[in-house]
Amino acid sequence: MQTTFVKSPNFTPGRKTYTPIAIVIHIMEGSLEGTDSWFKSTESVVSAHYGVGIDGEVHQYVLETDSAWHAGRVNAPTWSLIKPAGNGAYINPNYYTIGIEHEGNENTDWSDATYQSSSSMIRDIAQRWGIPIDRQHIVGHHEIYSLKACPGTKVDFNKLISMASGTPVPLGPVATGVNKVQGPGKVTTSARVNIRLQPNTTVPIANVVPGNIQLAYDGYTNNGESVSGNSKWYYTNEGNWFWSGGVS
Ligand SMILES: [Zn+2]
């Protein structure tokens, strides 16, 4: 894929002892041009490895072998592969992720050109680093840092992953009769918790989160599948679900 290099001074050389294990999807909340100048400025102290324009143009700001400053803060992560560092702290995810920004804002529909460029970059990056192309390894920024909605709800992760991997991603059955009650919050996993596409144990498991990890949710339903007499399930911004009996 043809990329234009727009060097950002905002990065940490190398990756400590880590290699990239995942790709983090971001939204620019602005234009590709504006992001170029923002990442070129030392005042912003932020960057990403790549930026994708609405017309599919790709800019690279930081080498993949260096750590861009795109996902260094962690708050109530729902991402199952986050690396804990003990005492509720985490290894800086910048060391083991690659960040891709996308032109537009949280409420803009993604263009076909954006999907095309982003998915072909994901495929290339995944091949270079041996990263599996699935929902555990292609994650939204919000799943690491819950205080931001980035990349918003417009990006269809299943479509992006399906285009990148060349295989359709099976979707779970559509939940019927599930009343969502909105209201964000945080819970802690009591033991291993399965993250699913629907509030139902009959659909495949998307992720498994270990015990004692804080999970952010955006709301809940009281009429998911009843497990041990408890039918309350929480949902996340990405549309995933976990059973309330596994958390406290
Ligand atoms: Zn972001």
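Bear in mind the structure is a predicted one, so any value in this text is a computation, not a measurement.

**Overview of the environment of Gln-182**
Move 1: With respect to the element layout, Gln-182 can be found in strand 11 (residues 180-188).
Move 2: In sequence terms Gln-182 and Tyr-220 are 38 residues apart; their C-alpha atoms lie 6.6 Å from each other.

**Some details on the nonpolar core**
The nonpolar side chains of a soluble globular protein tend to be buried with one another.
Move 1: Within the largest apolar cluster, 22 residues are counted, with the highest numbers of intra-cluster contacts made by Ile-23, Ile-25, Ile-100 and Ile-122.
Move 2: Looking at this core, the elements with two or more residues in it are strand 3 (22-25), strand 4 (50-52), strand 9 (97-102), helix 2 (112-129) and helix 3 (157-165).
Move 3: Sequence-distant contacts of Ile-23, that is, excluding residues within four places in its chain, are made with Ile-98, Ile-100, Ile-122, Ile-125, Ala-126, Ile-131, His-137, Ile-138 and Val-139.
Move 4: If you look at the next biggest cluster of nonpolar residues, it comprises 10 residues, including Val-209, Ile-213, Leu-215 and Phe-242.

**Things to note about the side chain of His-59**
Move 1: Turning to its location among the elements, His-59 is positioned in strand 5 (residues 58-60).
Move 2: For His-59, a relative accessible area of 7% translates into the label buried.
Move 3: Side-chain polar atoms of His-59 contact the side chain of Asp-36, separated by 2.9 Å.
Move 4: Within the local environment of His-59, its side chain forms a polar contact with the side chain of Glu-57, the two groups lying 2.8 Å apart.
Move 5: Beyond its immediate stretch of four places on either side in the chain, His-59 contacts Thr-4, Val-6, Leu-32, Asp-36, His-49, Tyr-50 and Gly-51.

**Examining helix 2**
Move 1: With 18 residues, helix 2 extends 26 Å between its outermost C-alpha atoms, agreeing within 8% with the 26 Å of an ideal straight helix rising 1.5 Å per residue.
Move 2: Of the positions making up helix 2, those classed as buried are Thr-114, Tyr-115, Ser-117, Ser-118, Ser-119, Ser-120, Met-121, Ile-122, Ile-125 and Ala-126.
Move 3: Buried-residue contacts for helix 2 involve strand 3, strand 4, strand 5, strand 9, strand 10 (138-140) and helix 3.
Move 4: Gly-130 lies just past helix 2 and shows a positive phi near 65 degrees.

**A short note on the packing of aromatic side chains**
The geometry of an aromatic ring pair is captured by two quantities: the separation of the ring centres and the angle between the planes.
Move 1: Enumeration according to the criterion identifies eight aromatic pairs in this entry.
Move 2: For the ring pair Tyr-18 and Tyr-95, a centre distance of 6.3 Å and an interplane angle of 10 degrees mean the geometry is stacked. On the criterion of sequence distance, the pair formed by Tyr-18 in the loop between strand 2 (11-12) and strand 3 and Tyr-95 in the loop between strand 8 (89-90) and strand 9 is long-range, its members being 77 residues apart.
Move 3: The partly exposed category is assigned to Tyr-18, whose relative accessible area is 25%.
Move 4: Using a relative accessible area of 16% as the deciding quantity, one classes Tyr-95 as buried.
Move 5: Site record: aromatic cluster; members linked through ring pairs are Tyr-18, Trp-79, Tyr-95 and Tyr-96.
Move 6: The side chain of Lys-159 reaches across the aromatic face of Tyr-115, ending 4.1 Å from its centre.
Move 7: Sitting over the ring of Tyr-235, Lys-180 keeps its end group 4.5 Å from the ring centre.

**Description of the environment of Asp-124**
Move 1: Its location among the elements puts Asp-124 in helix 2.
Move 2: Sequence separation between Asp-124 and Ala-164 is 40 residues; the distance between their C-alpha atoms is 8.7 Å.

**Quick look at the pattern of salt bridges**
Move 1: Per the stated rule, a full pass over the model turns up three salt bridges.
Move 2: The shortest N-O distance in the salt bridge between Glu-64 and Arg-128 comes to 2.6 Å. One end of the pair, Glu-64, is in the loop between strand 5 and strand 6 (67-68); the other, Arg-128, is in helix 2, and 64 residues separate them in sequence.
Move 3: For Glu-64, a relative accessible area of 8% corresponds to the buried category.

**What about the sheet that holds strand 10?**
Move 1: Within the open sheet, the six strands sit side by side as 1-5-4-9-3-10. Their pairing is mixed. Unpaired on one side and paired on the other, strand 1 (4-5) and strand 10 mark the two borders of the sheet.
Move 2: Note: strand 4 against strand 9, three bridges, orientation parallel. Paired with Val-52 across the strands is His-102, a residue of strand 9.

Definitions and limits used
Residues numbered from 1 in each chain as written. Predicted model: local features only at pLDDT ≥ 70, side-chain atom pairs only at ≥ 80, totals over all residues. Heavy atoms only, no water. Helix = DSSP H or I, 4+ residues; strand = E, 2+ residues; numbered from the N terminus. Core = buried A, V, L, I, M, F, W, Y, C linked by side-chain atoms within 4.5 Å. Buried < 20%, exposed > 50% of the residue type's maximum accessible area, 1.4 Å probe, protein only. Contact = heavy atoms within 4.5 Å. Polar contact = N/O pair within 3.5 Å; in protein donor to acceptor, adjacent residues only side chain to side chain. Expected span 1.5 Å × (residues − 1). Phe/Tyr/Trp six-rings, centres within 6.5 Å; stacked < 30°, edge-to-face > 60°. Lys NZ or Arg CZ within 6 Å of the ring centre and 35° of its normal. Salt bridge = Lys/Arg side-chain N within 4 Å of Asp/Glu carboxyl O. Pairing = 2+ DSSP bridges.

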